Amino acid sequence: MTPSTSLLALLIFLQTIPLSSSFGCPPPERLRRLLERTDSGEAPILLLPCCYDGLSARLVGLAGFDATFMTGFGVSGVNGYPDTQLVSFNEMISAASSVAEGLASAALEKAKYGEEDDATIEPVAIPCIADGDTGYGNAINVKRTVFGYARAGMAGMMIEDQVAPKRCGHVAGKLVVPFDEAVKRVQAACDARDEYEALFGKGTGPLILARTDSLVTDGFEDAIQRCLAFREAGCDMTFLEAPQSVEQMKQYCKRVSGPKLANMLEYGSTPILPPAELQQMGYTMAAYPLTLLSASIKAMQESLRLIKEGDSTLEMILSFAETKDVVGFTKYAKEEARYATKPKESQ
């Protein structure tokens, strides 16, 4: 066999190996496959409990979800700020890196990777879509944001059409940029996705989730037209924020092609519907943006009340052993033992 035919045979062999094999699968490609399976009806709607730091990401990964979303509201909140873009680009990139590490550590633990008792299960870090807000500047800043999240290990990035500084989509005071500027913002994100893939290989560019908040400011029809224009610009997914009725949700799903995100914010503007109903309507993903953050705040407030009143907190907390396990001590001890060296014998 000549060198050229050997190379050809190798290439043909590699094409037969799934990307989910030991060669690994880039996070954006893994997310794309999940979306395709849901869109085709092979899998249920993709549930996205939203995380905001390494610990919340670990919890989502260990709980067995297929994907997650890094919420800007959550990242802002754990830094002590409201979701009004007071958190900077670099702080969001840092949070994304922590989230990626949390997801990776959860995947290794679930697979028991590297342990002698079970070394056959392949670790799979679930993909995460990161909140890119308005891109932190003009269209060129948007492109840098896409590259930053890609390097941090994110599978996708959401870009929105609010005026900076943006704010939570379910609070008063929102403003959106003009139609053409919004489309160019999305186009810049899509171009950055493609440029990243040109540099680092197919399937490495973060998928682009294009969001519009214009329903409240400019009406439902304007929001639909923006979503349609975002699709023409090349986005992978759309998100029409804060529909106020089931009928609006149905019309959005009927009129806009491609994967779509439903934002299931408890006590927000959008009707909360069961996942199966959302999928039947045409949604591909259902995000739960504040459930984990709100639940943790409620638990901390109650614990603080009990401490202040001198009451026991035992019913509110995990055991110390359970807490250590959740944050990674169990895995750390196994790794420590794995690389331990024998002490030198005394002369």
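Up top is the structure these notes are about.
Residues numbered from 1 in each chain as written. Predicted model: local features only at pLDDT ≥ 70, side-chain atom pairs only at ≥ 80, totals over all residues. Heavy atoms only, no water.

Trainee: Mind showing me how you'd approach the pairing of strand β1 (residues 46-51) here?
Mentor: Side chains on a regular strand alternate between the two faces of the sheet. Counting buried residues along β1, 5 of its 6 residues qualify, which places the element largely inside the surrounding structure. In terms of strand pairing, β1 meets strand β8 (residues 285-288) through 4 bridges, oriented parallel. Looking at the pairing, L48 lines up with A287 of β8. In this structure, β1 lies alongside strand β2 (residues 68-70), joined through 2 bridges in parallel fashion. Paired with C51 across the two strands is M70, which belongs to β2. (Buried < 20%, exposed > 50% of the residue type's maximum accessible area, 1.4 Å probe, protein only. Helix = DSSP H or I, 4+ residues; strand = E, 2+ residues; numbered from the N terminus. Pairing = 2+ DSSP bridges.)

Trainee: Honestly, the nonpolar core in this entry has me stumped. Any pointers?
Mentor: Nonpolar side chains in soluble globular proteins tend to end up buried together. In this structure, M70, V99, Y149 and M154 are the most contacted members of the largest nonpolar core, which totals 45 residues. Residue assignment for this core shows that the elements contributing at least two residues are α3 (54-62), α5 (89-111), β3 (128-131), α6 (139-151), β4 (156-160), α7 (179-200), β5 (207-212) and α9 (220-233). Those residues within four positions of M70 in sequence are excluded, and the remaining contacts are C51, Y52, V75, M92, A95, A96, V99, C128, I129, A130, D131 and Y149. (Core = buried A, V, L, I, M, F, W, Y, C linked by side-chain atoms within 4.5 Å. Contact = heavy atoms within 4.5 Å.)

Trainee: What exactly am I supposed to notice about the pairing of β5 here?
Mentor: In terms of burial, β5 is largely enclosed, as 6 of its 6 residues are buried. Side-chain alternation along β5 places L207, L209 and R211 on one buried face and I208, A210 and T212 on a second face that is also buried. Pairing analysis gives 5 bridges linking β4 to β5, with the strands arranged parallel. Residue M158 lies in a different strand from β5, and its bridge partner there is L209. The sheet contact formed by β5 and strand β6 (residues 237-240) spans 4 bridges and is parallel. From the neighbouring strand, T212 faces β6, where its bridge partner is L240.

Trainee: Any chance you could explain the packing of α5 against α6 here in plain terms?
Mentor: A pair of packed helices can be characterised by two numbers: the angle between their axes and the separation between those axes. Contact pair α5 / α6: the axes reach a minimum separation of 9 Å and the direction vectors enclose 25°. By the angle between their axes, α5 is roughly parallel relative to α6. Of the two possible hands of crossing, α5 and α6 adopt the one that is right-handed. Two secondary-structure elements touch here, α5 through F89, M92, I93 and A96 and α6 through R144, T145, G148 and Y149. Residue composition of the contact of α5 with α6, by class: 5 nonpolar, 2 polar and 1 charged. (Axes fitted to C-alpha atoms, helices over the stretch in contact; angles between N-to-C directions. Parallel < 35°, antiparallel > 145°, perpendicular 65-115°, else oblique. Left-handed = near helix turned anticlockwise from the far one by under 90°. Nonpolar A, V, L, I, M, F, W, Y, C, P; charged D, E, K, R; others polar.)

Trainee: Hey, could you run me through the packing of α6 against α7 in this one?
Mentor: As a packed pair, α6 and α7 sit with axes 8 Å apart at the nearest point and diverge in direction by 45°. It follows from the interaxial angle that α6 and α7 lie oblique. Relative to α7, the crossing made by α6 is right-handed. Contacts between α6 and α7 involve A139, V142, K143, V146, F147, A150 and R151 from the first element and R185, A188, A189, D191, A192, R193, E195, Y196 and L199 from the second. Grouping the amino acids of the contact of α6 with α7 by side-chain chemistry returns 10 nonpolar, no polar and 6 charged.

Trainee: Before we go on, may I ask you to explain the sheet that holds β3 in this structure?
Mentor: Sheets are built from strands paired through backbone hydrogen bonds, the pairs being either parallel or antiparallel. Strands sit in the order β6-β5-β4-β3-β2-β1-β8-β7 across an open sheet of 8 strands; the sheet is parallel. With one partner strand each, in any of the chains shown, β6 and β7 (261-263) form the two edges of the open sheet. Put simply, the sheet's adjacent strands are angled 25° from each other on average, direction ignored. Direction of pairing for β7 relative to β8: parallel, over a ladder of 3 bridges. Directly across from N263, in β8, lies its bridge partner A287. Each of β5 and β6 touches α9; the most contacted strand, β6, lies at about 170° to it.

Trainee: Even after reading the chapter, I still don't get the environment of P123, so can you show me in this structure?
Mentor: Looking at the element boundaries, P123 is found in the loop between α5 and β3. The partly exposed category is assigned to P123, whose relative accessible area is 23%. It is 9.4 Å that separates the C-alpha atoms of P123 and S105, two residues lying 18 residues apart in sequence. Setting aside residues no more than four positions away along its own chain, P123 makes contact with A107, L108, A111 and Y113.

Trainee: Can you walk me through the pattern of salt bridges in this structure?
Mentor: Under the definition given, this model contains 19 salt bridges. Residue E29 pairs with R33 through a salt bridge whose shortest N-O separation is 3.2 Å. Separated by 4 residues within a single helix, E29 and R33 lie in helix α2 (residues 27-39), roughly one turn from each other. In this structure, D236 engages R32 in a salt bridge whose closest nitrogen and oxygen atoms are separated by 3.7 Å. Of the two residues, D236 sits in the loop between α9 and β6 while R32 sits in helix α2, which places them 204 residues apart along the sequence. (Salt bridge = Lys/Arg side-chain N within 4 Å of Asp/Glu carboxyl O.)

Trainee: I'm lost on a nonpolar patch on the surface in this one. Help?
Mentor: Together, L55, L59, V327 and F329 line one region of the surface with nonpolar side chains, adding up to about 370 Å² of accessible area. With a relative accessible area of 45%, V327 lands in the partly exposed category. (Patch = residues over 30% accessible without salt bridge, like charges linked within 9 Å, V, L, I, M, F, W, Y side chains within 5 Å. Areas by Shrake-Rupley, 256 points an atom, 1.4 Å probe, with all protein chains shown as cover.)

Trainee: Is there a simple way to explain the side chain of T284 in this structure?
Mentor: Among the structural elements, T284 can be located in the loop between α11 (275-281) and β8. Only 3.2 Å separates the side chain of T284 from the side chain of D39, close enough to count as a polar contact. Discounting chain neighbours no more than four positions away, the residues touching T284 are L35, T38, D39, I45, L46, G258, P259 and K260. (Polar contact = N/O pair within 3.5 Å; in protein donor to acceptor, adjacent residues only side chain to side chain.)

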